[in-house]
Amino acid sequence: MRNFEYIRWIGRTYTNIEEAAKYFYFTASGFETTFKGTMVKATFKSSKYDIPDKMAYLVALIDTDDPFAKENRTYAIDEAKKEIVIANLENRKHTIKFLKRSEASDSSLALLSIETDGRFIMCDETGDFKMQFIAASSSTGYGNLGNLSTAKSTGNSDGLKGFAYLTSYMLGAEVDIFAASGWGVTRGWNTGGRISETENIPEAYDYIAITDQNTIDRVIGKWDHFHYTPDVVVVNLGTNDFNSCGYENMTEEEKEKMETVFVTRYADFIHKLADLFPKAHVIVAYGLMGDAAILEAPTARAVALANTRIGFERAYLFLMEAAGSNGNQFGSDYHPNVGTGINVARSLAFFISRLSGRKIINEIK
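This write-up is about the structure you can find in this document. (Residues numbered from 1 in each chain as written. Predicted model: local features only at pLDDT ≥ 70, side-chain atom pairs only at ≥ 80, totals over all residues. Heavy atoms only, no water.)

1. Remarks on the overall build of the protein chain
Applicable threshold: Counting from the N terminus, the helices are the DSSP runs of H or I reaching at least four residues and the strands are the DSSP runs of E reaching at least two. To get the radius of gyration, use the C-alpha atoms; to get the globule rule, take the number of residues to the power 0.38 and multiply by 2.2 Å. A 1.4 Å probe rolled over the protein chains alone gives each residue an accessible area, and that area as a share of the maximum for its type sets the label: buried under 20%, exposed over 50%, partly exposed in between. Contact criterion: two residues are considered in contact whenever any of their non-hydrogen atoms come within 4.5 Å of each other. Only the protein chains shown count as cover for residues, and the accessible areas themselves come from Shrake-Rupley with a 1.4 Å probe.
Counting secondary structure elements, the protein chain contains six helices and 16 strands. For a compact globule of 365 residues, the expected C-alpha radius of gyration is about 21 Å, and the protein chain comes in at 20 Å, within 12% of that figure. Classification of the 365 residues of the protein chain by burial places 59% in the buried group. In the protein chain, once contacts between residues fewer than 6 apart in sequence are set aside, the share between residues at least 24 apart is 74%. Accessible surface computed for the protein chain: about 15,400 Å², of which carbon and sulfur atoms make up 49%.

What follows is the structure in structure tokens.
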């Protein structure tokens, strides 16, 4: 597993030498391997394997990146060590991606070993177009297989059918998703609606992982951003900043103060992303949770302020279709369902195509 010629890791990872385990954390993270043979067997370990609503879910994409392909196989990691065997394949070259469809704050997941009855082949080069999504719950597929009568669980949350993964699939792009449900720019449900200098997305972004206790993992340390250089960064934050603090019940003075802090820190983060990735387009999306009326003005102010600091337009606003609209039902807790995720992915992929010149390669059927 230390030989990167035969395993290509996807997303933020950490090698735990004592456990002889390779951890991958966020939605759509995991690894890809190529082999010639009829069988591949992999052994995984996970936390919270005995908690049905929290156990990790893993998807094997077999010779495809299409999350709706019938060849795909989904596994609940419901044992401390789970052996997954994919057998009876045609004896030829195969490429399999094992991707985590649940999120970091629910449970951890790590690869312990992998073998085949044939031989492993050197991995192909990474793609020529890379995307990164920085967001909260909706890009993790939060409850998108559920409805308003079902509470969110890892069983009814499929991040590979959320707008973030689907957008990257349409553009034939590599994808990195950095997201945590309930988190915001300045505060969120994870902080009880109070401003936090230490537990927010801009702060967490510099670290490798968020733990299954829903905190920044400072023990394993910081992430080197130059491991992954995106061509497009999509940021979708703000919902939790406003809905966790009772914004609508604030006085006008309290609202103004709250918005000022949000705008300043969001602009700081957008500016930071532009500095980290000077060739990337930065798209700042909002409205997916039906909160465009509240978020539009402060989000636009943050983008304008960031562009002023940058010196030219590098960040772009993008209004997303709202959950529960255009004939689609809500997922759990008023989140978007798969249908809304598909609609948003189509419109966002088209927007990115016009902005970057990248052609749409795959359609969602």
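2. Focus on helix H1 (residues 163–170)
Counted residue by residue, H1 has eight buried out of eight residues, so it is predominantly covered. Taken residue by residue, H1 has Phe163, Ala164, Tyr165, Leu166, Thr167, Ser168, Tyr169 and Met170 as its buried positions. Tucked into the core, H1 has its buried residues touching strand S6 (57–62), strand S9 (92–100), strand S12 (130–135), strand S13 (174–179), strand S14 (232–236) and helix H6 (338–356). At the C-terminal side of H1, Gly172 shows a positive phi close to 60°.

3. Details of the environment of Glu32
Relative to the helices and strands, Glu32 is located in strand S4 (residues 30–37). Relative accessible area serves as the criterion here: at 8%, Glu32 is assigned to the buried category. Apart from the residues within four sequence positions on either side, Glu32 is in contact with Tyr6, Ile7, Arg8, Ile10, Thr95, Ile96, Lys97 and Cys123.

4. As for the packing of helix H4 (residues 252–276) against helix H5 (residues 292–310)
Stated formally: Only the stretch in contact is used when a helix axis is fitted, and all axes are lines through C-alpha atoms; the angle between N-to-C directions ranges over 0 to 180 degrees. Roughly parallel means an angle under 35 degrees; roughly antiparallel, over 145; roughly perpendicular, 65 to 115; everything else is oblique. Helix crossings are classified by the rotation of the near helix relative to the far one: an anticlockwise turn of less than a right angle makes the crossing left-handed, while a clockwise turn makes it right-handed. Basically, the charged four are Asp, Glu, Lys and Arg, the nonpolar ten are Ala, Val, Leu, Ile, Met, Phe, Trp, Tyr, Cys and Pro, and anything else, Gly included, counts as polar.
Here H4 crosses H5 at 45°, and the two axes come no closer than 8 Å. Here H4 is positioned oblique relative to H5, judged by the angle of their axes. In terms of crossing hand, the pair formed by H4 and H5 is right-handed. Two secondary-structure elements touch here, H4 through Glu259, Thr260, Phe262, Val263, Thr264, Tyr266, Ala267, Asp268, Ile270, His271 and Ala274 and H5 through Pro298, Thr299, Arg301, Ala302, Val303, Leu305, Ala306, Arg309 and Ile310. Here the contact of H4 with H5 is composed, by residue class, of twelve nonpolar, four polar and four charged.

5. Let's talk about the packing of H1 against H6
Two quantities define a packed helix pair, namely the angle between the helix axes and the distance between the axes. Where H1 contacts H6, the axes come no closer than 8 Å and their chain directions differ by 45°. When the axes of H1 and H6 are compared, the pair comes out oblique. Note that H1 runs across H6; the crossing there is right-handed. Counted together, Phe163, Leu166, Thr167 and Met170 of H1 and Gly341, Ile342, Val344, Ala345, Arg346, Leu348, Ala349 and Ile352 of H6 form the full contact between these two elements.

6. Examining the sheet that holds S13
Applied cut-off: Note on pairing: DSSP must find at least two bridges between two strands before they are called paired.
Read across the sheet, five strands follow the order S13-S12-S14-S15-S16 without closing on themselves; strand pairing throughout is parallel. Taken across any chain shown, the strands that pair with only one partner, and hence form the sheet edges, are S13 and strand S16 (315–319). The average undirected angle you get between the axes of adjacent strands in this sheet is 20°. Here six bridges tie S12 to S13, and the two strands are oriented parallel to one another. Its bridge partner being in S13, Ile134 is matched across the sheet by Phe178.

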